[in-house]
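The lines below spell out each chain.
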Amino acid sequence: MKTMKTMTKVSLAVLLLLIAVVGYLAYSYFKVPAQHEKEAFINTKIYTVDSKQPWAEAMVVEGDNIIFVGSSTDAEEYIDKNTKVHNLKGKMILPGFIDSHAHPTIAAALSDIVQVDPSMKKADVLETLKQHANKNKDLPVIIAMGYDLLVFGNDKPTAADLDKVDSERPIFILDEGGHTAWVNSKALEVGGINKDTPDPIPGAHYFVRDSNGNPTGLLMESQAYNPLLKKLSVVTEDTVVSGGESLFPVISQLGITTMYDAGMMGLENEGFEGLSQLEKKDLLPFRISGSYMVQSPTVVPTAVESLKKLQEKYDSELVDVNTMKIHYDGTIEGKTAAMEQPYSDGSNGHVLFPVDELKSFVTQIDEAGFNTHIHAIGDKALNNSLEAFEYLQSNKGNTPTRKSIGHVQIYSDQAIERLTNLKDVVVQTTPIWATPSEGTLDTLGEERYEKQMLLNSVDRAGVPLSFGSDFPASAFFAGANPFNNMAVGLTRQDVWSEDKDVLPPVEEKISLETLIKGYTINGAYQLGLEEKVGSIEVGKKADFIVLDDNLFELNPEELLKAKVLKTYMNGNLVFERGLKARLTEYMVF
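First things first, this report covers the structure right here in the doc.

### Things to note about unusual backbone geometry
Okay, so step 1: With an omega of 10°, the peptide bond between Phe 471 and Pro 472 qualifies as cis.
Okay, so step 2: One can find Pro 472 in the loop between strand E21 (465–467) and helix H18 (477–480).
Okay, so step 3: The peptide bond linking Pro 504 to Pro 505 adopts the cis configuration, its omega dihedral lying at -5°.
Okay, so step 4: Tracing the backbone through its elements, the reader meets Pro 505 in the loop between helix H19 (482–491) and helix H20 (512–518).
Okay, so step 5: Backbone geometry places His 407, a non-glycine residue, at a positive phi of 85°.
Okay, so step 6: Here His 407 shows up in the loop between strand E19 (403–406) and helix H14 (415–422).

### So, helix H8 (residues 222–231)
Okay, so step 1: Of all 10 residues making up H8, seven are buried, and the element is well covered by its neighbours.
Okay, so step 2: Close packing links the buried residues of H8 with strand E11 (171–175), strand E12 (180–183), helix H7 (185–191), strand E13 (206–209) and strand E14 (215–220).
Okay, so step 3: Directly after H8, the chain includes Ser 233, whose backbone phi takes a positive value near 55°.

### Things to note about the sheet that holds E13
Note: strands within a sheet are paired through backbone hydrogen bonds, in either parallel or antiparallel orientation.
Okay, so step 1: Taking strand neighbours across the sheet as the criterion, the six strands line up as E9-E10-E11-E12-E14-E13 in an open arrangement whose pairing is mixed. Edge positions in the sheet fall to strand E9 (114–115) and E13, since each has one partner strand and no second.
Okay, so step 2: Seen against the sheet, helix H4 (residues 122–135) touches E9, strand E10 (142–147), E11 and E12 and runs at an angle of roughly 155° to E10.
Okay, so step 3: Its contacts with the sheet put H8 on E11, E12, E13 and E14, and the angle it makes with E14 is roughly 105°.

### Here's the deal with the packing of aromatic side chains
Okay, so step 1: A full pass over the atoms with the stated rule returns 19 aromatic pairs.
Okay, so step 2: Between Phe 41 and Phe 544 the ring centres are 5.1 Å apart and the planes differ by 80°, which places this aromatic pair in the edge-to-face class. Of the two residues, Phe 41 sits in strand E1 (residues 38–42) while Phe 544 sits in strand E22 (residues 544–547), which places them 503 residues apart along the sequence.
Okay, so step 3: Here Phe 544 falls in the buried class, since its relative accessible area comes to 1%.
Okay, so step 4: Here a set of aromatic residues connected by ring pairs shows up, and it is made of Phe 97, Phe 467, Phe 483 and Tyr 519.

### Here's the deal with the environment of Asn 550
Okay, so step 1: Turning to its location among the elements, Asn 550 is positioned in the loop between E22 and helix H22 (556–559).
Okay, so step 2: The class for Asn 550 is buried, based on a relative accessible area of 12%.
Okay, so step 3: In the structure, Asn 550 is positioned 478 residues away from Ser 72 in sequence and 18 Å away in space, judged by C-alpha atoms.
Okay, so step 4: A polar side-chain atom of Asn 550 sits 3.0 Å from the main-chain amide nitrogen of Phe 552.

### So, H14
Okay, so step 1: Of the residues making up H14, those classed as buried are Ala 415, Ile 416, Leu 419 and Leu 422. Buried residues of H14, seen end-on, are gathered within an arc of 115° and therefore sit on one face of the element.
Okay, so step 2: As for H14, its buried residues are in contact with helix H13 (379–396), strand E20 (425–429) and helix H17 (455–460).
Okay, so step 3: Lys 423 sits one or two residues past H14 and shows a positive phi near 75°.

### Examining the environment of Ser 100
Okay, so step 1: Its location among the elements puts Ser 100 in strand E8 (residues 97–102).
Okay, so step 2: As a C-alpha pair, Ser 100 and Leu 527 span 427 residues in sequence and 8.0 Å in three-dimensional space.
Okay, so step 3: Residues within four places of Ser 100 in sequence aside, it is in contact with Tyr 260, Gln 428, Ser 466, Phe 467, Gly 468, Gly 523 and Gln 526.
Okay, so step 4: Among the polar contacts listed, one links the side chain of Ser 100 to the side chain of Ser 466, at a separation of 3.2 Å.

### What about the nonpolar core?
Okay, so step 1: Core analysis: the biggest nonpolar cluster contains 141 residues, and Phe 172, Leu 219, Met 324, Ile 326, Tyr 411, Met 486 and Leu 551 have the highest contact counts within it.
Okay, so step 2: Ranked by size, the runner-up nonpolar core spans 19 residues in total, among them Val 114, Ala 133, Ile 142 and Met 220.

### Concerning empty space enclosed by the protein
Okay, so step 1: Evaluated as defined, the whole model comprises seven cavities of 30 Å³ or more.
Okay, so step 2: Volume-wise, the largest cavity comes out at about 210 Å³.
Okay, so step 3: Those elements that provide at least two residues to the lining of the largest cavity are H8 and strand E17 (319–327).
Okay, so step 4: Grouping the constituent residues of the lining of the largest cavity by class yields nine nonpolar, 10 polar and two charged.
Okay, so step 5: In this structure, the second largest cavity spans a volume of roughly 100 Å³.
Okay, so step 6: What lines the second largest cavity is a set of 12 residues, and nearest its centre among them are Ala 107, Leu 110, Ser 111, Pro 472 and Phe 476.
Okay, so step 7: Residues of the lining of the second largest cavity, tallied by class, amount to 10 nonpolar, two polar and no charged.

Rules used throughout
- Residues numbered from 1 in each chain as written.
- Predicted model: local features only at pLDDT ≥ 70, side-chain atom pairs only at ≥ 80, totals over all residues.
- Heavy atoms only, no water.
- Helix = DSSP H or I, 4+ residues; strand = E, 2+ residues; numbered from the N terminus.
- Buried < 20%, exposed > 50% of the residue type's maximum accessible area, 1.4 Å probe, protein only.
- Contact = heavy atoms within 4.5 Å.
- Pairing = 2+ DSSP bridges.
- Axes fitted to C-alpha atoms, helices over the stretch in contact; angles between N-to-C directions.
- Phe/Tyr/Trp six-rings, centres within 6.5 Å; stacked < 30°, edge-to-face > 60°.
- Polar contact = N/O pair within 3.5 Å; in protein donor to acceptor, adjacent residues only side chain to side chain.
- Arc of directions from axis to C-beta.
- Core = buried A, V, L, I, M, F, W, Y, C linked by side-chain atoms within 4.5 Å.
- 1 Å grid on protein atoms, 1.4 Å probe; cavity = no way out; pocket = protein on both sides within 12 Å on 5 of 7 lines; lining within 4 Å.
- Points joined across faces, edges and corners; volume = space filled by probe spheres on them.
- Nonpolar A, V, L, I, M, F, W, Y, C, P; charged D, E, K, R; others polar.

Here it is as C-alpha cells:
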C-alpha cells in the first residue's frame with residue numbers, strides 16, 4: 001500500500017546543491033545555539049503521553065534528562081541564573097516521534113537515487129530514467145526507486161525496456177516498497193543472472209522468467225536482488241556517512257528522535273560502521289535501534305550468533321542492536337505476501353519457512369534475550385506469526401523480550417482475538433497505507449480488501465499499536481512524515497486527492513490520541529526503550545519537539561501542514577525551523 005500523493009522527483013544531491021547556492025552546507029543543520037546545562041520551557045501546552053499526568057504547562061531539562069514536569073509556577077524553583085528560559089507562549093510540546101519501522105541506513109547510502117512517483121505508468125518511469133541517464137553520463141550505475149507493479153498492470157517491466165534507456169551501464173530500480181527490483185541486461189550480466197541461475201528461494205525469492213526460462217529483468221524479493229546490489233557497490237561505509245550527513249537532518253525536521261532500523265539487507269557491516277562514524281562526528285541527530293535481518297532460511301542457524309556479535313560491537317548512546325528482524329513474506333503489490341487463499345489471478349506469495357521452523361526460531365531468539373520483529377503483510381504470514389508467539393507464550397510465559405509483527409495489512413478472522421489473548425505483542429504498521437486503491441481491490445477481491453488495516457479494532461482490543469514509515473518506502477518523505485500518517489489514520493482517505501473515498505471499513509478510523517501513542521510510547525515499548533524515551537516524564541531523556549499548533553485543534557487537512565519548530569534529542573537542539581527547512585519542504589515534502 002502507498003499514498004497517492006504526487007512526489008517531487010528530485011534527488012538529495014540536487015537538494016543539497018540548492019542549499020549550497022543559498023549559502024548552507026548540509027552540516028549547518030547541526031550549527032545550533034550553544035547548549036545550556038539547564039533549560040526551562042514555560043507557558044506551553046505539553047501533551048506528555050503519560051497517563052498519570054497527560055497535560056502540563058512547563059518542563060525543565062538538565063543536561064540530557066527531564067527533571068521537572070508540571071505547572072509554570074512550580075517550575076520556578078528549578079530556575080536559577082544559569083537556566084535558559086523559553087517562554088513558548090502557548091506552543092505545543094510533544095515527546096519526540098519514534099519511527100517503529102524504517103530503513104534509514106540503506107536510505108542514506110542510496111540518497112542520490114532517482115525518486116520515481118509510484119503513480120507513474122511504465123512509459124513515464126522510462127522517460128524519467130532516460131532524462132536522468134542523459135544528464136549524468138559519468139555515473140557508473142543508475143539507481144532509482146518508486147515504481148508500483150499494480151500501476152503497471154499487465155504492462156510488465158523487462159530488461160529490454162531498460163536497455164533502451166542505457167545498455168552500457170547497469171540500471172537497478174527498486175519498487176516503491178523495496179521488495180522487487182527491475183534491472184537491465186547489463187545489470188543481469190554483472191550479477192551473473194541467466195537461464196542457468198537457480199532461484200534463491202523458489203516461489204518466494206525468485207527471477208521472473210520468459211517461456212524459455214530466461215530471466216526477464218524483474219527480480220522478486222531481496223534474495224533475488226541483494227547479491228546484485230552488493231556487486232554494484234553502491235552501499236558502503238562511505239556512502240552511508242556521506243548520505244547520512246545530508247539525509248538525517250531532514251528526519252529531525254520531521255520531529256523524529258528515534259528510529260528502528262528494520263534491516264540493512266545483508267549489509268550490516270557497512271551500515272553499522274557508517275552509523276558509528278556519524279555518531280563519532282556528532283552528525284547523528286536521532287537514536288537508531290538496529291536489527292539483524294533474516295531474509296533467507298540458510299542464515300537461521302547462525303542468526304542469533306550474528307546478532308550477538310553486532311550487539312557486542314555496536315552498543316553506544318545512540319546506536320544499539322537488540323532485535324531479530326524476520327522478513328517472513330512480501331507485499332500485496334508484488335503478490336509475494338503470503339495469503340491463506342490465492343490472489344485474484346490464482347497466484348500466491350510464500351512464507352520464508354514453515355510455521356514449525358518459525359516457532360523454533362522465535363523461541364531461540366527469545367532465549368537469547370533478543371526482541372523479535374516479524375514482517376507479515378499477508379494473512380497467512382500473520383497467522384503463522386501469531387502461532388509462533390502463542391507457542392512461545394505457552395512454553396515460556398510472558399517473557400521480558402519484545403515481540404512485534406511488522407506492517408500487518410491483511411487480517412484473518414480470528415487474528416485480533418488471538419492478539420488480545422497474547423497481550424504483549426505489538427502490531428506495527430504505517431497509517432498512510434490505509435487509503436483506497438483500485439489495484440489492491442482487484443488483487444485481493446472485495447472481502448479481503450475490507451480486512452485491511454483494522455486499526456481501531458486492534459486499539460479497542462487493548463493491543464498496542466506502533467507506527468512507522470518503512471522509509472524510504474511509502475513514497476519517501478511523504479510517508480516518513482508523522483503528520484501525514486496522522487491525517488490518513490484519522491480519515492482512511494487519500495488526503496491529497498480530490499476523491500474522498502474512504503478505505504472500508506469506515507469504522508476503522510482511529511483517534512489522534514491513538515496515533516500519538518503509536519508514534520511515541522508504544523514505539524518505545526516495542527524497542528524496549530519505554531523507561532528511557534516515549535513520553536515526557538521526570539527521569540527520562542529529553543527527546544521532545546516544539547510545534548506552533550496544538551494538534552488537537554487541527555482538522556486532518558490542517559494536520560498535513562503542521563510543522564515542527566524545534567527538535568531536541570538528548571537535550572540538544574538538533575533542528576530549528578528556518579530558511580533551509582522551508583527550502584527542504586518545498587523540494588521534497
